[in-house]
Amino acid sequence: MTATPPAPIRVAVTGAAGQICYSLLFRIAAGEMFGKDQPVILQLLEIPVEKAMQALGGVAMELDDCAFPLLHGIEMSSDPAVGFKDANWALLVGSKPRGPGMERADLLKDNGKIFVGQGKAIDENAADNCRVAVVGNPANTNCMIGASQCKRITADRWTAMVRLDQNRATTQLAQKAGVATTDVSDVYIFGNHSPTMFPAFHLAAINGRPAPEVIGDDAWLQNEFCPTVGKRGAAIIAARGLSSAASAGNALIDHVRDLSTPGAVHSVAVKSNGAYGFHPDVWAGLPVKTTAPGQYEVVQGLPIDDFGAGMIKTTNDELTSERDTVAPMLGG
Ligand code: NAD
Ligand code: LMR
């Protein structure tokens, strides 16, 4: 007897005609985000501009042309009320990327307001169990803005992506130690998705041993590893002329898959509620353990040394200052 396949889940994705989505959507449709047995319906959102909607039509044609068995439907809209209708997951990618010489926070003026409207539309239209992942930069603070518009889709359901930073840190440690990325574990990102983030190398392990002991070079960890991870996005923009796209899509696959996998421990920006000394109302990258699909708890009590405390203070100060900047956009 064959088992009845589960009902499709509805996945709303904004910025669907953009760079990141050109890799992300195909991987969701192939079952890499929600599993190889889970059908999906993609609800693709773009801006109400002919060129964007036409490009989105092309992306949908290419998705059709893959004949993905798990892709049970594609819906396209430029109306957030339609795009987020009954969505079980909302992946908020759509927003402006930075160019060379800019910091992500420079995008707040243009991008912040997108999340006011989308937050409201999600609260009014999404499914009761909706979970949200914010990618559009500056991701932590955009997530805070979106969550602040909501009553039904509560703040704990709103997460922002720091998984790309975790993945970057993992590879940097693996390359330095001359091991495979699978030999590196317990890599957690604290704070903002910005150069102030703290990739907590003192907690990381390489083949089960503390990373600082294996690497044996604290100066490299503090003065090269941290800035390399923190400024990797800018390095990619300088090299490609465009911001990271395939690696960002890959990180979002990891982010949502691990939030759907009980027992997974990974880096997610969530409302801090004061953990590790962060301002309670900012969204900070933190180590998070998935307790049930879509539910998590912050891993508390990990040791933070003086260097880490200094890094956390700096990134918290930046998050707090971004929060002050967007205060007029915060609802509730
Ligand atoms: P892109 O310019 O290629 O695509 C963005 C798309 O979003 C465009 O097609 C645009 O029309 C659309 N869009 C803009 N406003 C929208 C709205 N209100 N509703 C729906 N769609 C909208 O950019 P990209 O390379 O795909 O990057 C998207 C965002 O992701 C940028 O802000 C970028 O900085 C950010 N990003 C974040 C991370 C991270 O780790 N958090 C990594 C990479 C990129
Ligand atoms: C990244 O980290 O690659 C993205 O946030 C894009 C950027 O602006 O750096």
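Conventions adopted
Residues numbered from 1 in each chain as written. Chains lettered and ligands numbered in written order. Predicted model: local features only at pLDDT ≥ 70, side-chain atom pairs only at ≥ 80, totals over all residues. Heavy atoms only, no water. Near = heavy atom within 4 Å. Polar contact = N/O pair within 3.5 Å; in protein donor to acceptor, adjacent residues only side chain to side chain. Areas by Shrake-Rupley, 256 points an atom, 1.4 Å probe, with all protein chains shown as cover. Helix = DSSP H or I, 4+ residues; strand = E, 2+ residues; numbered from the N terminus. Nonpolar A, V, L, I, M, F, W, Y, C, P; charged D, E, K, R; others polar. Pairing = 2+ DSSP bridges. Domains from an automatic or database assignment. Contact = heavy atoms within 4.5 Å. Buried area = accessible area lost by both parts, 1.4 Å probe. Axes fitted to C-alpha atoms, helices over the stretch in contact; angles between N-to-C directions. Left-handed = near helix turned anticlockwise from the far one by under 90°.

(A) Structural context of the site of ligand 1. In the region of ligand 1, 27 residues are neighbours, and Q19, E46, S95, K96 and N137 sit closest. Contact distances for ligand 1 include 2.9 Å between an oxygen atom and a side-chain N or O atom of S95. When ligand 1 is considered free in solution it has 860 Å² of accessible area, and contact with the protein chains removes 86% of it. Those elements that place two or more of their residues in the shell around ligand 1 are α1 (19–29) and α4 (108–125). Ranked by residue count, the leading element in the shell around ligand 1 is α4, at three residues. Residues belonging to the shell around ligand 1 are distributed by class as follows: 12 nonpolar, 13 polar and two charged.

(B) Summary view of the sheet that holds strand β10 (residues 205–206). Taken together, three strands build an open sheet; the order of strands is β7-β10-β11 and the sheet is antiparallel. The two strands at the open ends of the sheet, each matched to only one other strand, are β7 (184–185) and β11 (209–210). Across two bridges, β10 lies against β11 in antiparallel orientation. Bridging from a neighbouring strand, A205 pairs with P210 of β11.

(C) Examining the domain arrangement of the chain more closely. Domain parsing of the chain yields domain 1 (9–160) and domain 2 (163–327). Relative to domain 2, the C-alpha centre of domain 1 lies at a distance of 23 Å. Taken together, the contacts link 36 residues of domain 1 with 43 residues of domain 2. Together domain 1 and domain 2 conceal approximately 3,000 Å² of surface at their shared face, both sides included; 64% is due to carbon and sulfur atoms. When the buried area of domain 1 at its contact with domain 2 is split by residue, R104, N140 and M144 rank highest and sum to 22% of it.

(D) Spatial organisation of the site of ligand 2. In the vicinity of ligand 2, the residues found are R98, R104, N137, L164, R168, H193, G233, I237, S243 and S244. Contact distances for ligand 2 include 2.8 Å between an oxygen atom and a side-chain N or O atom of N137. Here an oxygen atom of ligand 2 sits 2.7 Å away from a polar atom, N or O, in the side chain of S244. Taken by itself ligand 2 offers 260 Å² of open surface, and the protein chains cover 94% of this. A breakdown of the residues in the shell around ligand 2 according to their chemical character gives two nonpolar, five polar and three charged.

(E) Geometry of the packing of α1 against helix α2 (residues 50–65). Two numbers describe how α1 lies on α2: the axes approach to 11 Å, and their chain directions differ by 35°. The crossing of α1 and α2 is right-handed. From α1, Y22, L25, F26 and A29 reach across to α2, where they touch V59, E62 and L63. Residues of the contact of α1 with α2, tallied by class, amount to six nonpolar, no polar and one charged.

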